[in-house]
Each structure stands twice: as structure tokens, then as C-alpha cells.
Amino acid sequence: MTNSRSETPRKLVVVGHGMVGHRLVEALDSRDTDRQWEITVLAEEHRPAYDRVALSSCFDGADESALRLPEHDPERIDLRLGDPVTALDRDANAVLTASGERVPYDALVLATGSRPFVPPLPGSTAPGCLVYRTLDDIDAIRAAAKESATGRGVVVGGGLLGLEAANALRLLGLTTHVVEMAPHLMAVQLDTGGGALLGRMVGELGVAVHTGTGTQQVLTDPETGAVTGVELSDGTLLETDLVVFAAGVRPRDELAREAGLQVGERGGVVVDETCRSVTDPAVWAVGEVACIEGRTLGLVAPGYAMAETVADRLLGGEAGFPGADTATQLKLLGVGVASFGDAHATTPGALEVVLNDPVAATYGKLVVSDDAKTLLGGILVGDTSGYPLLRPLVGSALPADPSVLLAPQSEGGAAGVGVAGLPDSAQICSCHAVTKGALTEAITEQGCADVPALKSCTKAGTGCGSCVPALKQLLEAAGVEQSKALCEHFDHSRAELFEIVAATGITTFSQLVAEHGRGRGCDVCKPAVAAILASRDSGTHILDGERGGLQDTNDRHLANMQRNGTYSVVPRVPGGEITPAKLIVLGEVARDFGLYTKITGGQRIDLLGARLEQLPAIWRRLTDAGFESGHAYGKAVRTVKSCVGSTWCRYGVQDSVGLAIELELRYRGLRAPHKLKAGVSGCARECAEARSKDFGIIATEQGWNLYVGGNGGFTPRHAELLASDLDHETLVRTIDRFLMFYIRTADRLQRTAAWLENLEGGLDHLRAVVMDDSLGICAELDAAMERHVADYHDEWRGVLEDPAKLARFTSFVNAPETPDPAISFAVEREQPVPVPGPVSLGMPGLPAAEGTSAR
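Overview of the structure.

Analysis parameters
Residues numbered from 1 in each chain as written. Predicted model: local features only at pLDDT ≥ 70, side-chain atom pairs only at ≥ 80, totals over all residues. Heavy atoms only, no water. Helix = DSSP H or I, 4+ residues; strand = E, 2+ residues; numbered from the N terminus. Contact = heavy atoms within 4.5 Å. Disulfide = S-S within 2.5 Å. Pairing = 2+ DSSP bridges. Axes fitted to C-alpha atoms, helices over the stretch in contact; angles between N-to-C directions.

### Some details on the environment of Val394
Here's step 1: With respect to the helices, strands and loops of the structure, Val394 is situated in the loop between helix 8 (387-390) and helix 9 (402-406).
Here's step 2: As for Val394 and Phe340, which are separated by 54 residues in sequence, their C-alpha atoms are 8.1 Å apart.
Here's step 3: If near-sequence neighbours (up to four positions away) are discounted, Val394 is found in contact with Phe340, Gly341, Leu375, Leu376 and Gly377.

Here it is, written out as C-alpha cells:
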């Protein structure tokens, strides 16, 4: 199908304008420099192509414009929206549209995609039964959730789309159930172990998961016909007025069938390796409507490969479909999931290496050849950081022992192997079939010096984006200095953004991104900037204005979310010292609200199991008794732990309790790149474990020793001695400067230990800065801390005094006083503990919460 410039262009008609149809037109237009083809696109929807993979982002603040794919050149592409094809006239090489127009073609590409499968159950067509596929479906789900009387939704299907739909209902404030006939979630991508962990983690987020059971029928009101519930095949009845079917898709091959084109046993236009119909050489099919190699494929990456193949063939090339790469990496309800290659070990003789850590909530499996030398596939749940390096290795020799590749990165896991060790044939970007060799050539021979340049040159990273970390590592391996940009929306590091905010006086994220960044921001830069703004202006409430929308979940609710969707309340108890009267109040609050109580390692009392709508009432009782927020939810100063010191201990040489209280009250609410913990020990016996803290103080006969940069957790590290025998005034001033210098220069989510390790010059440089004023900034650091101390206010009380903020604390926007029925408890050791799984409203032996019925 070649054509010279002087000949009349041939006519191409593309039926459908989804992601794959859009990619076909884009690929053909960019390569057709001789203008061999006139392209007409006939679309059913009234809106141009958009990213269906990112539909869930609509429930997280994105709108249609954020999802829209790049526009075609209107002078080159005749895009007709809202005028679908109704029939094919193969004898005349023409199509008929809904508007009655007849459009001729020399080549026809069917890109009609698929439609959601709604099982033929009793009641499945009743009002309240919806699907999850298009932007119109999203609008319908949002409207139905707003009008829901039960506050509950049921999703039929526990695959990719089902879990996306479940997250959508959850974000809309509905109690959500997922029903999956297979024994575990995501049965196509995951094995039993990975599916079980995913189910557990999803259940801990408050979504009730029902696996190994089907949907028997949708129950309806006999008078109105509206949905009232769902009956499962095991007899379980779920009350709901909203059912979302996400139980798979079926190819939209009606046009092909009616026109006599051969379709597969399970549907789809049968095509050869060039994506051309085996029935009619003038007809091609791409994406979910194509039956290639005996099956249809529901992922976007194979669809893109088909589009590229057809574009090449239409211009006289010899491309063939490279095979289906069904690898996928995504986050479902915040849980990382990845599957690649022969994940189910169907290859004869395949061996499985599994690392299952239920405590860390991670599951990893590698499938290797019978001689354990070749990687065939794998599954990752919880921690998917190794995916960008493991997936390209499929079919290649293993660079290390499989168990080493599965180990955590800090122990030499997949990331430690390095993308540089991959063969040139390894495919780094599956969406665009870009190999390591092609990327290396782009770096070394075409001068690509950053990720955007690699994206522009090779298209790698412009699809799902999961390969972007590997692109950065390739650049680093090639010796190209990399940007320290916070994210794609800012070219500056967190420390540079801090300086910009300090120098300009900017007080909002929108102004900062407009003047010094681009786009709308993301879940990386928004919380980071929110922390910068809060550290610069502690006088503004963390939920005021747009700041409330920038925060992570815990910060938005001023409480720590727990595994069953409830929250823990941790009031501040400075230095661990508390009066009997306040102890009594804590006990009364825990009793009246039916909360679980625990003394934490930081010498505070944690009240767990509070529902969202209960938080203000709990805070009011606590603040009336003199308590305030302990900031257990924030990237802020948490606690200053102390021993009893010289007041009580016969070994104590200084008043550790008094100093701990002073420091905790001084630094309370101080926002930082990460959480901050401290300790004060009254003697060298170190009962407060001060050297395991971000900053720790140990008493001496002459004063105080100050240690910095320690932490516990995954990689414990002892703090290092910054200064010895400090008097009280010098000690406090040095801590002030240390904290402010850390806040000013650390990267996002960087603990003081990692910051100090990466700080050029290390401890000596830090000492010179905060004690010798080597940079001449100590006056600024001192002033910044004084502003924080002067402007501090309790965030809990700030909510209680503001009706607009109070309105945020409801489980259901349409029924503010209604408790979440998905939250249930059992009693262990005379205390309530969460019960994961289906709804249970009983909690025997516990009194009623204030303002609610007995639970």
C-alpha cells in the first residue's frame, strides 16, 4: 500500500476513538510525511479520546481535561464525534453512520474496543445497576452515590476494573463490598498467595471482600423496581441501592459479525500477525476488538503494539505484532500490585521462588526455568519497587540468585542489581516496546540528558509510566548528572522549593506551581509543599483554604487511620508526665466511645477505634480537659520521651522530665520532611533511649550531651554526638538550629538519619553550620523557630472552632450522623479490636458512644 506524493491520497476510516484508536491515528500521522492517507475517525462518544486507565483519578480531583489525550491536527484528521458507524458495506468499501452519512474507504480499521459484561442475573438491569467504563459511567456512579439512601455499594468483580470501581465507591464515602467468584482477588494476574495478601490489605482499608462466591441475584423493590440489595450464591444478603458491574468485558464486534467478518470463539475480529482481518484484506482491527493469536487482549499495551503495527503496514512496512506483553503494575486502593511474564508458572518444568512476609505485608514470587537460570515471570504485592528491573529480565539469564532479587532493596534486592546489568535486548518500556539498547543509544548518540528527552526521543515512559525509574537509572549509569526535581511538576528539589517559598513569601500551592512549576500537582509534591508552607507559617491551620486538599489522609483528618478504617487519637502528653485528673479523662473518653487503649513506646496513651464522625466529639472532651493534638498523624515532632531523671532516680544528674516537657512544648506542631522523635535521659544509663532518636539529649554532671540523626524502624541507626556538656540555653539554641536546618535542606520523606548520611561534610559540616554559623544563616534559623513557637495553635481546637472544618468529619456526606456500618469490633482482653470482613454491627459488652446507638 505505497503511494507517491503525486498520487491521490487513499482514504482511511478508523471506527472508534478510544486510546488505541487515538494511538493508531497519532502513529500514522507522524510517519505519513508523504501524505499517502486521508484519515477520517468516526467516534461514538461526544468527547475526544481520553485516558480510560486513569478514570479513578476523577474521584481524586482530576477532571476530563486532565485525562484528555493530545489533540489531532484538524487539518490532517477529520474527527467526527457522536456519529458512530452503524453498518459496514464491504462490497462497496464504505461505512454508514448514525447520521445517515456514507463514508468510503480504501482501508478500514476497527477500534471499537469492548463493552462491560453484565451477567444475565435477575434484577441486573434495574435502576441502580451501573458499569465502570467511561466518563459517562463515572458521572452516573457519582450521582447515584450522592443519592444513596443506604450509604453502601456493591461491586461485582474483583479484577483490575472491579478494584478500581471499589476504590471509587470508597472515595465517594460509601461502605463498599467486592464480590469475586474466584478464590481470590485479581485471579488473572495473581496467584493464591499474592491474591490472599491483596485481599487482606484491601479488607484492612474497610472494603468488605467476598471471594469464592458469585452473585445470585440483584434484589429490587417490587413497587419502584429500584435496587435494594444483592444476594450471593452462598446465601449472604448485602443491603445496597448501588451495584457496579465490573466482571469483565466483551469485544464490540457487532459491526464485524453483521458484515460477515470472521470472529473468534469468544468474540473479536480474527486477524493475522499484521492485525489484518483474515476475511477481508481491506479491514484491520486493533485493541480489544481484535482476536489475535486466538484471544482478545484487554490491556492497553498490546493495543498500542497493534496500532503501531497497522500504522507501519499502511505505509508499506513489514511490521508484525510482537506478541502480547500482559505485564502490569498499578496501585489498587493504595496497594502496589505487579504481575509479569509467566506469573502462574505454566511453562513445563518451571520453578517458583516465593518470599511471603505477612508482617511487612509484602509478597514476591519469581518463576524461573527448570535450571533456575532464566527468569520466566513473577508477582509482586505490597512492594513493587523491583518491577521496573525484573520485568525486562523476562526471558533473560538471571543476574543473581532469585531469592536475592526478591529480597528488600536494603538487603540487596532487585533494585540493587541495577538496570545497567540488563542485556541490551531487555524491554524497558512495554507500552512502546523500547529496549535498553535503544535507550542507551538515545543517551550516548542522540544526547538525551534527562527523562523528558528520553520520553520525547523514544516514547519510553509516556504510557503507564512504570518504567520512568529505570530511565533515571540508565541515565545515572551513563554518567549523566540527574535533576533533583521533586517531581514532574517542579524542576526544583524540596530544599530549593523551601528557599523559594522563604524568599518570595508565597503562601499557597497554586501560586507556587503557577509561578515556579507546571500542571496541577500530584501526590508527591502536594504533601511536600504543604509541609513547607506549614513549617513557614504555623499560624495558619493545616486545613485552611487549599491546604486541606494537599494533605495525606492522616493529616486531613488530624488522626491516624487504622486497618479497619477507624482512627486513633493520641493527645499530647509532654515528656510522659500526666496528672491523675487527665488520666481519668482519658479513661472516661475511652470508656464512653468504646475505644481500645494502649500506652505507646513514646510514653503516650493511644485511643484506637474512633470513627470519623466521632473525632470532633472526642477532641472536644479532650481539649476541655487541657489536652491537645499529639500530631501522631503528621510529619512533625511527635514525642520527647524521658526517664524520671534527677527528680526521682538515685542515678539521675539532671531534670530530664522538665527538659523533655519544655522541648516537646517548644517544638509541638513543627512540620518537617518526616516525623521527628526525641528523648531526654537523666544520666548515662540512657533509660529514655535518646540515642535512637532524631535528636537525643543525655545528662552529664556539667550539662547536656546532644546527639542527632538517629532512628529506629527498618534501618536502626544510633545518633551521633554533635556537642558535649552544653548549658541549657546553648542546648535549646543548637536544637532549634538543627531542626530548622534539617527542615530547610532535607528531601521529601527523608528522616534525619538519611539526611545526615547524605549531607556533604556530614556531622562536621552540620556542627559548623549550627554552632559556628559557617553559612551565616543562624540568625534566620533562630528567627524561624521563634516564629513557630509564637504562632503555634492546637489543630484539634482549630477544627472545633470552625464549622466549615467540622463539616469534613462525616462518614457519609449525605448522612453526617450515620456511623459507618462496615466498621465492626470483637472483644479481646476486655478491649475492642477490629474485625475485618463483612459488616457486623454488634460489639457486645461495650457501652454506647456519645450521640450514637450502642454498637
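### What to know about the state of the cysteines
Here's step 1: The final tally for this structure, using the stated rule, is 0 disulfides.
Here's step 2: There is no disulfide at Cys275, and the cysteine sulfur nearest it, in Cys291, is 11 Å away.
Here's step 3: Between Cys448, a free cysteine, and Cys457, which holds the nearest cysteine sulfur, the sulfur-to-sulfur gap is 4.0 Å.

### Digging into the sheet that holds strand 15 (residues 237-239)
Here's step 1: Overall, antiparallel pairing links the 3 strands, which are arranged 13-14-15 in an open sheet. Of all the strands in the sheet, just strand 13 (215-220) and strand 15 have a single pairing partner and so form its edges. Across the sheet, the axes of successive neighbouring strands diverge by a mean angle of 20 degrees, strand direction being ignored.

### A word on the environment of Ile138
Here's step 1: If you trace the backbone, Ile138 turns up in helix 3 (residues 135-147).
Here's step 2: Sequence separation of Ile138 and Leu55 is 83 residues, and the distance between their C-alpha atoms is 7.8 Å.
Here's step 3: Discounting residues that sit within four places of it in the chain, Ile138 has contacts with Leu55, Cys58, Phe59 and Tyr132.

### Considerations on the sheet that holds strand 1 (residues 10-15)
In a beta sheet, neighbouring strands pair by backbone hydrogen bonds and run either parallel or antiparallel.
Here's step 1: Read from one edge to the other, the open sheet built from 5 strands follows the order 3-2-1-7-19, with strand pairing classed as parallel. Only two strands of the sheet have a single partner each, and these edge strands are strand 3 (77-80) and strand 19 (283-285). Recorded for the sheet is a direction-independent mean angle of 20 degrees between the axes of neighbouring strands.
Here's step 2: The pairing of strand 1 with strand 7 (residues 107-110) spans 4 bridges and is parallel. Within the sheet, the bridge partner assigned to Val13 lies in strand 7 and is Leu108.
Here's step 3: The sheet contacts of helix 1 (residues 19-31) involve strand 1, strand 2 (37-42), strand 3 and strand 7, and relative to strand 2 the element is tilted by about 165 degrees.
Here's step 4: Contacts from helix 7 (residues 300-314) reach strand 1, strand 2, strand 7 and strand 19, with the element oriented near 155 degrees to strand 19.

Function cannot be read off these values alone, since they describe shape.
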